[in-house]
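Chain residues, written in single-letter form:
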Amino acid sequence: MTATNLPSEPEFEQAYKELASTLENSTLFQKKPEYRKALQVVSVPERVIQFRVVWEDDKGQVQINRGFRVQFNSALGPYKGGLRFHPSVNLSILKFLGFEQIFKNALTGLNMGGGKGGSDFDPKGKSDNEIRRFCVAFMTELCKHIGADTDVPAGDIGVTGREVGYMFGQYKKIRNQWEGVLTGKGGSWGGSLIRPEATGYGVVYYTEHMIKHATGGKESFAGKRVAISGSGNVAQYAALKVIELGGSVISLSDSQGALVLKGEEGSFTPEEINAIAAIKVERKQISELANTSAFSSKFKYIPGARPWTNIVGRIDVALPSATQNEVSGEEAKALIAAGCKFIAEGSNMGSTQEAIDVFEAHREANPGAAAIWYAPGKAANAGGVAVSGLEMAQNSARVNWTQEEVDNRLKGIMEDCFKNGLSTAKEYATPRR
Ligand code: GLU
């Protein structure tokens, strides 16, 4: 980044520095000096759109929020990336997410550029009608700037199939056009099968390749104790896939607290995960379930905490799947001390720079079989946007693929993501000093 007279954007600067320092520590700029200029070019968004969203609450009061779309890079295809509705949303957060999206989308091998958008609107505590009115107002402005060949938004935190539905309806109404302008749509009106599951399943497929590679094919998810944070779409489907592959899920969490197994044995069951998913649809907290006898006999609920330092017993795999900066340096050390060898981010920038430094320093000091494996979100969670890319392809061709077809393509893309990362690292990575 060259400009110094801009307001500080801590999250974007963190994401940029993480990438730039990794590239600086590699042989890329020696072998391909032109990439140094390319990094400067790619770090400035092609376009940033900011707008006012005015909507009416259930009391008839006018409410005002900020809306954004960062159209970061269109070298490989239409801008592509989700919309986040969360009170923490600002330009720094969306620039970090859009920047990550460029490289993640490229890694999928599909024709997608990078972008991100959203609003500081908080869906928590809002009625369905208020959410619908907000989405309609948001899309009334956003629809001027997007299109199937221009920019294709989707969901992210606070934006599910329901919100995508409200926004798609408004887009069609104003533009008088049915097109694949949003992904993550409902299955009966153009959505792809497996899109809701894709990010969580993809993280697990990616991690399975990492485990197999690290252990020479001897180990898999079977028998592994897996700590997961979050309880949204990514965490839910990652947890279900871990169980399907024979692993144990030993924690989940939300912004208010962590739910961990009381003992060293057992796992969340699919029924328990589905019960958590059901209260999340109603925008409620895990604490409401944690206090019921079915949950309180088996799980410990720790208000205000993240799972990592609260697990009883061994941790084999950690899948941060809540939000950015959810693993600190101290928590990274605690994960390693608990035996964790595989960390893969379902969330974007789940680990702080301090946590990444801990993982990398440990790896440097413990090569070979004792090494830990850390997969950043731009590789590990690419499955969500990959299936969004498949949804765009189905919409353009006016066809619907079967569940099996989409899942097989997702598996292939996640395998390629892992193998591509590995071969690129072999070619360009240098040991850290
Ligand atoms: N929000 C997701 C991500 O962070 C998916 C975006 C999309 O499907 O466009 O990758």
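Residues numbered from 1 in each chain as written. Predicted model: local features only at pLDDT ≥ 70, side-chain atom pairs only at ≥ 80, totals over all residues. Heavy atoms only, no water.

- Under the annotation held in an unreviewed UniProt entry, the protein chain carries the name Glutamate dehydrogenase and is attributed to Penicillium chermesinum.
- Quoted verbatim from the Sequence similarities (unreviewed entry) field of the UniProt record, the comment on the protein chain reads "Belongs to the Glu/Leu/Phe/Val dehydrogenases family."
- Looking at the protein chain in UniProt, the text filed under Catalytic activity (unreviewed entry) is "L-glutamate + NADP(+) + H2O = 2-oxoglutarate + NH4(+) + NADPH + H(+)". (UniProt positions renumbered as here; feature names shortened; annotations may be inferred.)

**Quick look at helix H12 (residues 329-337)**
Step number 1: Within H12 the residues assigned to the buried category are Gly329, Glu331, Ala332, Leu335 and Ile336. In an axial view of H12, the angular spread of the buried residues amounts to 160 degrees, which keeps them on one side of the axis. In H12, the exposed positions angled more than 90 degrees off the buried face are occupied by Glu330 and Ala337.
Step number 2: Those residues of H12 hidden inside the fold are in contact with strand S10 (317-319) and helix H13 (353-365).
Step number 3: Following H12 by one or two positions, Gly339 has its phi on the positive side, about 100 degrees. (Buried < 20%, exposed > 50% of the residue type's maximum accessible area, 1.4 Å probe, protein only. Helix = DSSP H or I, 4+ residues; strand = E, 2+ residues; numbered from the N terminus. Arc of directions from axis to C-beta. Contact = heavy atoms within 4.5 Å.)

**Quick look at the site of the ligand**
Step number 1: If you check the shell around the ligand, you find 13 residues, and the closest are Lys80, Lys104, Asp156, Arg195 and Ser388.
Step number 2: Note that an oxygen atom of the ligand is positioned 3.1 Å from one of the side-chain N or O atoms of Lys116.
Step number 3: Contact with the protein chains covers 94% of the free accessible surface of the ligand, which is 300 Å².
Step number 4: Top element by residues in the shell around the ligand is strand S3 (residues 79-85). It accounts for 3 residues.
Step number 5: Taken together, the residues of the shell around the ligand break down into 2 nonpolar, 6 polar and 5 charged. (Near = heavy atom within 4 Å. Polar contact = N/O pair within 3.5 Å; in protein donor to acceptor, adjacent residues only side chain to side chain. Areas by Shrake-Rupley, 256 points an atom, 1.4 Å probe, with all protein chains shown as cover. Nonpolar A, V, L, I, M, F, W, Y, C, P; charged D, E, K, R; others polar.)

**Quick look at the UniProt feature "binding site: substrate" (unreviewed entry) in the protein chain**
Step number 1: Residues given the UniProt feature "binding site: substrate" (unreviewed entry) here are Lys80, Gln101, Lys104, Gly155 and Ser388.
Step number 2: On the secondary structure map, Gln101 appears in helix H4 (residues 91-107).
Step number 3: The class of Gln101 is buried, set by a relative accessible area of 3%.
Step number 4: Here Ser388 lies in helix H15 (residues 383-397).
Step number 5: Taking relative accessible area as the criterion, Ser388 reaches 1% and is therefore assigned buried.
Step number 6: Excluding residues that lie within four positions of it along the chain, Ser388 makes contacts with Lys80, Ala154, Thr183 and Arg195.

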